[in-house]
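So the chains spell out like this:
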Amino acid sequence: MSDAVLEAGPPATRGMGMTRWTGGALLLALVAFAVAGPLLAIDPARQDLRNMLAPMGGDYLLGTDHLGRSILARLAHAARLSLGFATLALLAAAIPGTLLGLVAAWRGGWVDRALSILADMILALPGLLLVLVVAAFAPGDIRVLFLGVSVALWVEFFRVVRASAASLLASPEVEAARLLGFGPAHIVRRHVAPRLAPVLATLAAFGVGGTVVTISTLSFVNVGVRPPMPEWGNMIVELMPYFEEAPAHVLAPAACIFLLLIALNLLAGRDPR
Amino acid sequence: MSLLVENLSVAGPQGRIVQGVSLAAGPGAPLTLIGETGSGKSLVAAAIMGTLPPGLSAAGLVRFEGRDLLPLSAGERRALWGRRIALLPQEPWLSLDPTMPATGQVEEVFGLVRGQAQPAASSASTRLLAALGLGGKAAERYPFQLSGGMAQRVAIAATQAAGAALLLADEPTKGLDAALRDDLAAMLNARAAEAAVLTITHDVALARMLGGTVAVMLEGRVVESGPAAQVLDAPRHDYTRRLVGADPSRWPRPAPTASNAGVVVTGRGLARGFGGRQLFRDLDITVHAGEIVAVSGPSGCGKTTLGNVLLGLLRPDAGTVTRITAAPVRFQKLYQDPPSAFAPHATLRTALADLARRHGIAWARISPLLQRLRLAPALLDRLPGQISGGELQRFALARVLLLDPVFLFADEATSRLDPITQQEVMDLLRAQMAERGLGVLLVTHETALAEAMAARRVMLDAAETQAAAATEVATAAV
């Protein structure tokens with residue numbers, strides 16, 4: 001069926017465009033909150049002890065916690081921490097993961113075997129457990145946490161890139177490009193990268209979401225970011241005992257995590273192409 | 001006549017693609033639609049089947065066993081699939097379930113579509129496969145262990161297991177060599193006694209073997225139809241005449257090549273195995289400048305491997321290859337499936353510009369070459385998937401010619417093109433070869449094409465024991 005009409009592909013439907021648009025807008029709003037929020041000059045550590053657990057909508061837009069600190073200010077600082085940390089961790093995982101995946105696919109042989117064995121060893125441990133083990137060496141040290149997350153995350157990029165690149169590199173189009181005298185840089189740019197880009201974008205979105213959840217989970221079990229530094233996970237922990245008096249206060253950080261994940265999932269949704 | 005099509009049209013967003021098509025077929029009265037790629041023949045089949053791509057709609061009358069098919073809902077259509085209407089897909093080895101042995105693929109049709117209980121379905125499947133020549137051990141094989149011809153048989157068995165009264169065969173000879181094509185024609189003929197068989201092909205030889213009615217399609221219309229013998233032997237429409245004349249058996253014979261031209265590549269005592277199987281051994285081959293050497297033989301006999309060894313893509317297990325120059329870019333290849341040899345996301349202009357930049361070729365050299373190959377400049381801004389297979393193969397030819405090759409390996413380079421396009425590409429290849437003193441290794445499973453193109457031919461044998469017996473045939477020069 002190579003009739004020209006059939007190759008135009010299905011028309012991009014409105015629905016899928018809207019989905020991504022919504023996700024993008026939501027993510028942009030969260031990023032703006034993370035960037036602009038801390039500039040509002042409300043100290044997230046300032047305690048207003050006469051206004052503990054103040055309700056929403058009074059002097060404090062989202063109320064205060066059990067120590068009289070502004071929840072809005074703390075959420076904004078936590079957003080900056082989570083998004084900044086996740087973005088950096090993602091880059092630290094995606095760049096080496098992608099490059100090593102390409103090297104393994106290109107070189108094959110013992111290089112490929114060695115890298116694959118390393119990846120399989122890391123993959124044998126559940127991601128969260130791995131981060132937990134690394135983080136346990138220096139609880140609360142954000143650099144160690146960063147190392148743990150990146151070590152767990154690069155494997156995903158490595159494996160996906162290696163598998164897709166290996167089948168592409170064996171294809172006639174790459175054989176033709178080699179015969180025509182093109183080198184690895186050109187082949188990666190013209191033949192491999194356009195195919196990998198949408199897959200990497202999806203992996204990146206899930207990687208950021210997963211990292212944010214990981215940091216919050218670690219705070220929740222007290223090996224992650226330590227109070228008084230505001231972090232969504234440890235905010236939930238701190239406010240949990242006051243759930244009966246101020247349920248909405250506990251839900252605020254949970255809602256932030258939820259919104260971020262929704263935004264990333266909508267963005268990473270089905271590629272209209 | 002169990003199938004009657006009257007005044008069928010298929011319309012898309014840009015207007016009508018198929019119009020005024022009227023056809024009929026029934027048991028004992030097979031119908032063959034022939035025409036080039038893009039002539040709309042596959043759309044006619046899709047309209048009958050009810051599988052038109054989104055955005056296209058059919059109008060007119062399609063009456064099958066007394067029912068109007070076009071007004072039926074998608075669900076009612078689907079209820080007919082397999083039971084009353086069956087599709088034999090092109091390249092059926094791609095449509096078989098890779099995790100199921102041959103007999104299972106047919107058995108599930110008996111069981112799930114026809115509703116037979118076990119063990120009746122199982123024994124019916126074994127019997128049907130045996131009747132089609134796949135008895136005993138062969139029926140227990142998995143698709144990857146089946147040859148193209150065997151996979152074709154399994155697919156045919158699956159289409160007839162549920163007793164469909166209409167069989168649509170879409171390009172059934174694509175990828176099959178001449179011997180398998182004859183087998184396939186015999187199987188379709190046997191099927192035609194009981195069911196209406198509608199075959200879509202651009203293979204004139206197959207149309208001749210199937211007999212019955214032939215309808216020729218061009219640009220969405222039937223330009224000529226009638227009994228096969230009449231249409232193919234005494235074509236009235238100009239397009240049909242060209243189509244019939246484009247068959248390689250009717251091309252002028254090649255002149256013998258001058259033997260004083262230099263040798264571009266020589267293989268001595270070559271041996272190579274693949275997947276534990278010896279493909280050829282003690283094979284000697286020489287290609288001179290300005291000549292075409294054809295390598296033919298059945299599927300899987302190592303034709304492509306031989307070409308890749310001469311190119312230097314593969315190392316021979318034994319023997320030596322001597323090339324006239326050490327520059328690897330002067331040894332080039334044309335691929336069987338042109339779209340698979342181009343980066344799909346880059347326009348052809350980008351592809352050629354990359355090549356020009358890599359090798360310091362002035363664009364001024366490219367334009368006249370494209371003109372020689374009859375490629376319009378407007379095509380440059382399209383993606384490889386947006387032009388026809390013939391055009392893309394000519395771009396592939398342009399791309400390799402820019403590098404001043406001394407040797408070109410054409411690997412089934414026209415086997416996916418319709419006959420007229422094949423002749424066009426081959427004529428251009430021949431002209432360039434003569435002009436530039438290019439040595440060409442032409443790999444094809446079509447004996448007629450090998451005879452028409454090459455004065456010297458090498459036959460590779462499939463049988464393992466006879467692998468050494470690569471015989472060189474000198475075609476008598478006319």
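Everything here concerns the structure above.
Residues numbered from 1 in each chain as written. Chains lettered and ligands numbered in written order. Predicted model: local features only at pLDDT ≥ 70, side-chain atom pairs only at ≥ 80, totals over all residues. Heavy atoms only, no water.

### Description of the sheet that holds strand E4 (residues 57-64) of chain B
All names here are of chain B. Here we have four strands laid out as an open sheet, ordered E2-E1-E4-E5, and antiparallel in their pairing. Whereas interior strands pair on both sides, the edge strands pair on one side only; in this sheet they are strand E2 (15-25) and strand E5 (67-68). Relative to the sheet, helix H1 (residues 41-49) contacts strand E1 (3-12), E2 and E4, its axis offset from that of E1 by approximately 110°. (Pairing = 2+ DSSP bridges. Helix = DSSP H or I, 4+ residues; strand = E, 2+ residues; numbered from the N terminus. Contact = heavy atoms within 4.5 Å. Axes fitted to C-alpha atoms, helices over the stretch in contact; angles between N-to-C directions.)

### Details of the interface of chain B and chain A
Listed per partner, the contact involves 38 residues of chain B and 20 residues of chain A. Taking both partners together, chain B and chain A bury about 2,200 Å²; carbon and sulfur atoms supply 61% of that area. Area buried by chain B at its contact with chain A is led by Tyr335, His345 and Asp354 of chain B, which between them contribute 19% of it. Run the count over chain B and chain A and you get two salt bridges. A salt bridge links Lys333 of chain B to Glu175 of chain A; the shortest N-O distance between them is 2.8 Å. Our count for the contact surface shared by chain B and chain A stands at eight residue pairs in polar contact (both at pLDDT 80 or more). Sorting the residues of the side of chain B that touches chain A by element identifies H1, helix H10 (303-311), strand E15 (331-334), helix H11 (348-359) and helix H13 (389-401) of chain B as the ones contributing at least two each. The element that contributes the greatest number of residues to the side of chain B that touches chain A is H11 of chain B, accounting for six residues. Of the residues contributing to the side of chain B that touches chain A, the split by class is 18 nonpolar, 14 polar and six charged. (Buried area = accessible area lost by both parts, 1.4 Å probe. Salt bridge = Lys/Arg side-chain N within 4 Å of Asp/Glu carboxyl O. Polar contact = N/O pair within 3.5 Å; in protein donor to acceptor, adjacent residues only side chain to side chain. Nonpolar A, V, L, I, M, F, W, Y, C, P; charged D, E, K, R; others polar.)

### Observations regarding the packing of aromatic side chains
For the structure shown, the criterion picks out four aromatic pairs over all chains. The ring of Phe342 of chain B has Arg399 of chain B sitting right over it, with the charged end atom 4.1 Å from the ring centre. (Phe/Tyr/Trp six-rings, centres within 6.5 Å; stacked < 30°, edge-to-face > 60°. Lys NZ or Arg CZ within 6 Å of the ring centre and 35° of its normal.)

### Let's talk about helix H9 (residues 247-267) of chain A
Residues and elements named next belong to chain A. In this model H9 runs 30 Å from its N-terminal to its C-terminal C-alpha over 21 residues, within 8% of the 30 Å that 1.5 Å per residue would give. The sharpest bend along H9 reaches about 30° and sits at Pro253. Those residues of H9 not exposed but buried are His249, Val250, Ala252, Pro253, Cys256, Ile257, Leu260, Ala263 and Leu264. (Expected span 1.5 Å × (residues − 1). Bend = angle between axes of the 7 residues up to and from the residue. Buried < 20%, exposed > 50% of the residue type's maximum accessible area, 1.4 Å probe, protein only.)

### Looking at the sheet that holds strand E11 (residues 263-274) of chain B
Residue and element names in this part refer to chain B. Taken together, the three strands give an open sheet; going across it, the order is E12-E11-E14, and neighbouring strands pair in antiparallel fashion. Only two strands of the sheet have a single partner each, and these edge strands are strand E12 (277-288) and strand E14 (318-323). Across the sheet, the mean angle separating the axes of adjacent strands is 15° when strand polarity is ignored. Across five bridges, E11 lies against E14 in antiparallel orientation. By the bridge assignment, Arg268 is partnered in E14 with Thr320.

### So, empty space enclosed by the protein
If a probe as big as a water molecule is rolled over the atoms, it shows which places are left empty. Tallying each qualifying case throughout the model produces three cavities of 30 Å³ or more. Roughly 160 Å³ of volume is contained in the largest cavity. Of all elements in the fold, only helix H6 (172-179) and helix H7 (184-220) of chain A together with H11 of chain B reach the threshold of two or more residues within the lining of the largest cavity. With four residues, the single largest contributor to the lining of the largest cavity is H11 of chain B. Split into classes, the residues belonging to the lining of the largest cavity amount to 12 nonpolar, three polar and four charged. (1 Å grid on protein atoms, 1.4 Å probe; cavity = no way out; pocket = protein on both sides within 12 Å on 5 of 7 lines; lining within 4 Å. Points joined across faces, edges and corners; volume = space filled by probe spheres on them.)

### Overview of the layout of surface pockets
Residue and element names in this part refer to chain B. Volume-wise, the second largest pocket comes out at about 1,100 Å³. As for the second largest pocket, its lining consists of 34 residues, of which Ser299, Gly300, Cys301, Lys303 and Thr304 are closest to the centre. Sorting the residues of the lining of the second largest pocket by element identifies helix H5 (148-161), E11, E12 and H10 as the ones contributing at least two each. Among the elements that make up the lining of the second largest pocket, the one with the highest residue count is H10 (four residues). Split into classes, the residues belonging to the lining of the second largest pocket amount to 13 nonpolar, 12 polar and nine charged.

### Comments concerning the packing of helix H2 (residues 71-107) of chain A against helix H5 (residues 142-169) of chain A
All names here are of chain A. At a minimum axis distance of 6 Å, the contact between H2 and H5 shows a crossing angle of 35°. For the pair H2 and H5, the crossing hand works out as right-handed. Among the residues forming the contact of H2 with H5, the class breakdown is 25 nonpolar, four polar and one charged. (Left-handed = near helix turned anticlockwise from the far one by under 90°.)

### A short note on the pattern of salt bridges
Within this structure, the stated rule accounts for 28 salt bridges over all chains. Between Glu291 of chain B and Arg456 of chain B there is a salt bridge, and its shortest N-O distance comes to 2.6 Å. You can see Glu291 of chain B sitting in the loop between E12 and strand E13 (292-296) and its partner Arg456 of chain B sitting in strand E18 (residues 456-459), a full 165 residues away along the chain. You can call Glu291 of chain B buried: its relative accessible area is 3%. Three or more residues are tied together by salt bridges with common partners; here these are Asp65, Arg69, Arg74 and Glu238 of chain A.

### Some remarks on the nonpolar core
A general tendency of soluble globular proteins is for nonpolar side chains to be buried together. Ranked by size, the top nonpolar core spans 82 residues in total, and within it Ile285, Phe395, Leu397, Phe407 and Leu441 of chain B carry the most contacts. Take this core: its biggest share by element is seven residues, from H13 of chain B. Among all residues touching Leu441 of chain B, those that are not within four sequence positions of it are Ile285, Val287, Val293, Val295, Gly307, Leu310, Phe407, Leu408, Phe409 and Ala410 of chain B. If you look at the next biggest cluster of nonpolar residues, it comprises 53 residues, including Leu130, Val208, Leu264 and Ala268 of chain A. (Core = buried A, V, L, I, M, F, W, Y, C linked by side-chain atoms within 4.5 Å.)

### Description of the environment of Ser340 of chain B
By the secondary structure assignment, Ser340 of chain B is in the loop between E15 and H11. Judged by relative accessible area, which is 22%, Ser340 of chain B ranks as partly exposed. Spatially, the C-alpha atoms of Ser340 of chain B and Leu380 of chain B are 18 Å apart, while their sequence positions differ by 40 residues. Beyond its immediate sequence surroundings of up to four residues, Ser340 of chain B is in contact with Pro172 and Glu173 of chain A.

### Some words on unusual backbone geometry
Cis geometry marks the peptide bond from Gln118 of chain B to Pro119 of chain B; its omega dihedral reads 0°. Relative to the assigned elements, Pro119 of chain B resides in the loop between helix H3 (102-113) and helix H4 (120-131).

### What about the pairing of strand E16 (residues 407-411) of chain B?
All names here are of chain B. By the criterion of burial, E16 is predominantly enclosed, with five of the five residues buried. Burial of the side chains of E16 extends over both faces: Phe407, Phe409 and Asp411 are buried on one face and Leu408 and Ala410 on the other. When E16 meets strand E17 (residues 439-444), the two strands line up parallel, connected through five bridges. Among the inter-strand pairings, Phe409 is bridged to a residue of E17, identified as Leu441. Taking the sense of rotation as the criterion, the β-α-β connection linking E16, helix H14 (residues 419-436) and E17 turns out right-handed. (Right-handed = clockwise from strand over helix to strand, strands pointing away.)

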